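For reference, the chains in residue letters:
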Amino acid sequence: GINAEYGDPFWETLLEFSFQAPDNSADSRLLEESIDQICSAFAKSNVSSGNLSSLLSIVISLIKHALSDTSADHSVEELETVYNSLLILRTLTKYIVEHEPLETSPSYFKTPDIVAMATTSQTGETDDASSPTTLKHVARYETSVDELCFYLYEFLVNYPVRLDTIHVHSECVKIITILLSSPLHHSSPSPILLK
């Protein structure tokens, strides 16, 4: 996977784009339809790359940074980067929730080393499942989506709603809604939010 540190050149370059947010459901559907193949390819490659987990870490870092001083006037570029990261995360998460089998959805939020450790511990081929390192990685996975939801909520509650932040607030609500919408697409509760 790609280094998920805030300020990583790869992520800075990827997230530096200017985009007019869809204003209505027709525009949103058009966006989703136009990137459907990209989402499908991303979902397939994510199994080995763990890039969704990296993006999740970036989103959390960006929101923490924005929340570090809610009274500060963050630049338009900073808010745009937060919005862009949330937009990408929402689009990919929505694709996974709607198109991937319910049983495999949580694995998309894991890094490849965590997937390997979880598979190994389930098959019982090694005794490493009880090692502190393995438990640390598994604990990190179990809390990453929870941590995301926590910081999305914190942003919604604590960051002032202004004309230049309304799209960021809207993306926060959309991501939470998508994470909770799994029962609409599957017959059982979302394992993404279950421990």
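Asker: Teacher, can you tell me more about the pattern of salt bridges here?
Answerer: When their charged atoms lie close together, side chains carrying opposite charge are able to pair. Taken as a whole and judged by the stated rule, the model has 6 salt bridges. Close ionic contact of Lys64 with Glu147 constitutes a salt bridge, the shortest N to O distance being 3.5 Å. On the criterion of sequence distance, the pair formed by Lys64 in helix α4 (residues 51-67) and Glu147 in helix α7 (residues 132-158) is long-range, its members being 83 residues apart. Taking relative accessible area as the criterion, Lys64 reaches 37% and is therefore assigned partly exposed. What makes Glu147 partly exposed here is its relative accessible area of 29%. For the salt bridge of Glu98 with Lys94, the shortest nitrogen-to-oxygen distance reads 2.9 Å. Residue Glu98 and its partner Lys94 are located together in helix α5 (residues 76-99), separated by 4 residues, close to a single helical turn.

Asker: Just to check I follow, could you spell out the packing of aromatic side chains for this structure?
Answerer: Where two aromatic rings form a pair, the distance of their centres and the angle of their planes describe that pair. Summed over all chains, the structure comprises 3 aromatic pairs. Where Phe150 meets Tyr151, the ring centres are 5.0 Å apart and the plane angle is 85°; that geometry is what we call edge-to-face. Look at Phe150 and you get partly exposed, because its relative accessible area is 44%.

Definitions and limits used
- Residues numbered from 1 in each chain as written.
- Predicted model: local features only at pLDDT ≥ 70, side-chain atom pairs only at ≥ 80, totals over all residues.
- Heavy atoms only, no water.
- Salt bridge = Lys/Arg side-chain N within 4 Å of Asp/Glu carboxyl O.
- Helix = DSSP H or I, 4+ residues; strand = E, 2+ residues; numbered from the N terminus.
- Buried < 20%, exposed > 50% of the residue type's maximum accessible area, 1.4 Å probe, protein only.
- Phe/Tyr/Trp six-rings, centres within 6.5 Å; stacked < 30°, edge-to-face > 60°.

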